[in-house]
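A structural walkthrough
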Amino acid sequence: MTEFPAIVVAALLGALQGFTEFLPISSSAHLYAVPYLFALNDPLLDSLAFAAVLHLGTLAAVLVAMRREVVRLTSVALRFSFSLGRTRGEPSDERLIVAIVLGTIPAAAAGALASDLIDGALRSPLVVAAAVLAGAALLGLAERLGRRERPLEGIAIFDGIFTGLAQALALIPGISRSGATISAALLLGFN
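Here goes a summary of the coordinates provided.

This part is about helix α1 (residues 6-20). The end-to-end C-alpha separation of α1 is 21 Å, in line with the 21 Å expected for 15 residues at 1.5 Å each. Every buried residue of α1 is accounted for by V9, A10, L13, Q17 and T20. Projected down its long axis, α1 carries its buried residues within an arc of 110°, all on one side. In α1, the exposed positions that point more than 90 degrees away from the buried face belong to I7, L12 and F19. Where α1 is buried, its residues meet α2 (27-37) and α3 (48-65).

Put into structure tokens, the structure is as follows:
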């Protein structure tokens, strides 16, 4: 077994996540599969802080890529909040903000209730591999069944909650959060 310096492993995993960020591939799977496949044994790889830092890089990439949408929705939310509801944005933007907020609740609740399970038994290579395959199957099914008739401007509260429930599945290492989101949107008929 060859030992690589922690900085090399961190750089490789960070680059891998960056290259695959906008694909429906689980970033958590990288954090388990690469060390497993290459027999890397470094305490850094088991650190939740390390995983969090890698995910902050992922968040930064998304914020840069989606900066116009993030700025638009943030300004609508801030104007609405600071005006105590007197200043309104586009109704579709307001519905999207509400759907996003409601969509965070299922994953937050599942994470709080099942954190021991998520951090323990679900981190085995077999579970991660099975989750990757299950996520791919779900995405394939959604691709075939999705009607693609609804524009995003037609989003409703139920859509946000349903998508949030799908995203809660991404707490299982190997399930892609973007893949779960895309699958939910397709199943809801979004284009």
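This is not the end of the story, as more comes after the structure.
Here we come to unusual backbone geometry. Even without being glycine, R148 reaches a positive phi, approximately 55°. Turning to its location among the elements, R148 is positioned in the loop between α7 (125-145) and α8 (157-168).

Tracing the backbone through its elements, the reader meets A129 in helix α7. A C-alpha to C-alpha distance of 20 Å links A129 and L12, two positions 117 residues apart in sequence.

Two elements in contact, α2 and α3, have axes separated by 11 Å at closest approach and are oriented at 135°. As summarised for this structure, α2 and α3 are arranged oblique, according to the angle between their axes. For the element pair α2 and α3, the recorded crossing hand is right-handed. Across the interface between the two elements, S27, S28 and L31 of α2 pack against F50, A51, L54 and H55 of α3. Residues of the contact of α2 with α3, tallied by class, amount to 4 nonpolar, 3 polar and no charged.

Rules used throughout
Residues numbered from 1 in each chain as written. Predicted model: local features only at pLDDT ≥ 70, side-chain atom pairs only at ≥ 80, totals over all residues. Heavy atoms only, no water. Helix = DSSP H or I, 4+ residues; strand = E, 2+ residues; numbered from the N terminus. Expected span 1.5 Å × (residues − 1). Buried < 20%, exposed > 50% of the residue type's maximum accessible area, 1.4 Å probe, protein only. Arc of directions from axis to C-beta. Contact = heavy atoms within 4.5 Å. Axes fitted to C-alpha atoms, helices over the stretch in contact; angles between N-to-C directions. Parallel < 35°, antiparallel > 145°, perpendicular 65-115°, else oblique. Left-handed = near helix turned anticlockwise from the far one by under 90°. Nonpolar A, V, L, I, M, F, W, Y, C, P; charged D, E, K, R; others polar.

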